[in-house]
Amino acid sequence: SQTIHQWPATLVQPVGSPLSLECTVEGTSNPNLYWYRQAAGRGLQLLFYSVGIGQISSEVPQNLSASRPQDRQFILSSKKLLLSDSGFYLCAWTPGGGYYGYTFGSGTRLTVV
Amino acid sequence: RKEVEQDPGPFNVPEGATVAFNCTYSNSASQSFFWYRQDCRKEPKLLMSVYSSGNEDGRFTAQLNRASQYISLLIRDSKLSDSATYLCVVKDRGSTLGRLYFGRGTQLTVWP
């Protein structure tokens, strides 16, 4: 069966520090991968998506970036965090091009102080 | 205009009550429809897909009205454990990306 792992679960970082969040999927190949952010009391905001290794599309211009170095690995990064980067970051996957919903990882709660 | 709109609630109902949520979507070419459940400080989890003919899963019934572009979720005999935020989700036709559009959610609290 397929599983998605996301870490860390909680992170407190100072303003201006770098960020790296990692997500991996097991039990499938060539998944579509997504990074979402959910600010407190807000809806889900799509940040990045990827349909294959090295293929990254950005939805919202900001100081975050994403990379997909391997088929089932998706990384969210920042060189310098802002206070506004605080939120609940969720990685998700779905089989490519299908009628399926997403399966989310357990999320990372980031607080920038 | 938002792709998916929901009444944010909150809905506060007693145990055993029946409660219904509606949502509307803007793209008439939308292809697939889902309801997700999100518990406080947790990730969203797929509750059920929504099919054109309507479908039921235990106490939960989902309906789709393509002509009016709305989706509904009915919960019968509410349990305390049903307290959560319910997200309405649609996927566009022809999108090989498989991108989903999420509503902002409807909050439900079931009280004893």
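Everything numeric in this text was worked out from a predicted model, so none of it was measured. (Residues numbered from 1 in each chain as written. Chains lettered and ligands numbered in written order. Predicted model: local features only at pLDDT ≥ 70, side-chain atom pairs only at ≥ 80, totals over all residues. Heavy atoms only, no water.)

Student: Would you mind going over the overall build of chain A with me for this structure?
Tutor: What chain A contains, in helices and strands, is zero helices and eleven strands. The linear arrangement of helices and strands in chain A, starting from the amino end, is β-β-β-β-β-β-β-β-β-β-β. Compactness check: chain A gives a C-alpha radius of gyration of 13 Å against a globular reference of 13 Å for 113 residues, within 12% of the reference. Along the three orthogonal principal directions, the C-alpha set of chain A runs to about 40 × 25 × 20 Å. Counting the 113 residues in chain A, one finds 48% classified as buried. Of the contacts made within chain A by residues no fewer than 6 positions apart, 54% connect residues no fewer than 24 positions apart. (Helix = DSSP H or I, 4+ residues; strand = E, 2+ residues; numbered from the N terminus. Rg over C-alpha atoms; globule rule 2.2 N^0.38 Å. Buried < 20%, exposed > 50% of the residue type's maximum accessible area, 1.4 Å probe, protein only. Contact = heavy atoms within 4.5 Å.)

Student: Explain the overall build of chain B here, please?
Tutor: Regarding its fold elements, chain B presents zero helices and eleven strands. Order of helices (α) and strands (β) in chain B, N terminus to C terminus: β-β-β-β-β-β-β-β-β-β-β. In terms of overall size, chain B behaves like a compact globule, its C-alpha atoms giving a radius of gyration of 14 Å where 112 residues would be expected to give roughly 13 Å. Counting only C-alpha atoms and orienting by the principal axes, one finds that chain B spans roughly 45 × 30 × 20 Å. Counting over 112 residues, chain B shows a buried share of 49%. For chain B, contacts bridging at least 24 residues in sequence account for 58% of all contacts bridging at least 6. Carbon and sulfur atoms provide 47% of the accessible area of chain B, an area that totals close to 5,500 Å². (Areas by Shrake-Rupley, 256 points an atom, 1.4 Å probe, with all protein chains shown as cover.)

Student: Help me understand the sheet that holds strand S1 (residues 4-6) of chain B in this model?
Tutor: Whenever strands of a sheet pair, they do so through backbone hydrogen bonds, lying parallel or antiparallel. Residues and elements named next belong to chain B. Strand order in this open sheet of five strands is S1-S3-S8-S7-S6, and the pairing throughout is antiparallel. Edge strands, defined here as strands with exactly one partner in the open sheet, are S1 and strand S6 (55-57). Pairwise comparison of adjacent strand axes, ignoring direction, gives a mean angle of 20 degrees for this sheet. Bridge analysis of strand S7 (residues 60-65) against strand S8 (residues 70-75) gives six bridges, and the strand direction is antiparallel. By the bridge assignment, Gln 63 is partnered in S8 with Ser 72. (Pairing = 2+ DSSP bridges. Axes fitted to C-alpha atoms, helices over the stretch in contact; angles between N-to-C directions.)

Student: Even after reading the chapter, I still don't get the interface of chain A and chain B, so can you show me in this structure?
Tutor: Across the boundary between the two partners, chain A contributes 26 residues, which contact 18 residues of chain B. Taken together, the links from chain A to chain B amount to zero salt bridges. Inspection of the chain A/chain B interface yields five residue pairs in polar contact (both at pLDDT 80 or more). Every element with two or more residues in the side of chain A that touches chain B is listed here: strand S4 (31-38), strand S5 (44-52) and strand S9 (87-95) of chain A. The class makeup of the residues in the side of chain A that touches chain B is twelve nonpolar, eleven polar and three charged. (Salt bridge = Lys/Arg side-chain N within 4 Å of Asp/Glu carboxyl O. Polar contact = N/O pair within 3.5 Å; in protein donor to acceptor, adjacent residues only side chain to side chain. Nonpolar A, V, L, I, M, F, W, Y, C, P; charged D, E, K, R; others polar.)

Student: Would you take a moment to explain the state of the cysteines for this structure?
Tutor: Every disulfide links exactly two cysteines, by a covalent bond between their sulfur atoms. All names here are of chain A. Under the counting rule described, the total for this entry stands at two disulfides over all chains. The disulfide partner of Cys 23 is Cys 91, and the gap between their sulfur atoms is 2.0 Å. Taking the sign of the torsion about the S-S bond as the criterion, the disulfide between Cys 23 and Cys 91, at about -75 degrees, is left-handed. In this pair, Cys 23 sits in strand S3 (residues 19-26) while Cys 91 sits in strand S9, placing the two residues 68 residues apart along the sequence. Of the two residues, Cys 23 and Cys 91, both sit in the buried class. (Disulfide = S-S within 2.5 Å.)

Student: I'm lost on the environment of Asn 12 of chain B in this one. Help?
Tutor: Residues and elements named next belong to chain B. Within the fold, Asn 12 resides in strand S2 (residues 11-14). When the C-alpha positions of Asn 12 and Val 110 are compared, they lie 5.9 Å apart, and in sequence the two are 98 residues distant. Those residues in contact with Asn 12 that sit more than four places away from it in its chain are Thr 109 and Trp 111.

Student: Help me understand the side chain of Ser 17 of chain A, please; the structure alone is not making it clear to me.
Tutor: Residue and element names in this part refer to chain A. Tracing the sequence through the fold places Ser 17 in the loop between strand S2 (10-13) and S3. On the basis of relative accessible area, Ser 17 is assigned to the buried category, the value being 10%. Within the structure, Ser 17 has its side chain in polar contact with the side chain of Gln 13 (distance 3.5 Å).

Student: When you look at the sheet that holds strand S7 (residues 64-70) of chain A in this model, what are you seeing that I'm missing?
Tutor: Residues and elements named next belong to chain A. Taken together, four strands build an open sheet; the order of strands is S1-S3-S8-S7 and the sheet is antiparallel. Of all strands in the sheet, those with a lone pairing partner are strand S1 (3-7) and S7, marking the two edges. Pairs of neighbouring strands in the sheet enclose a mean axial angle of 15 degrees, with direction left out of account. Summarising the sheet, S7 and strand S8 (residues 73-78) pair through five bridges and their orientation is antiparallel. Bridged to Leu 64 within S8 is Ser 78.

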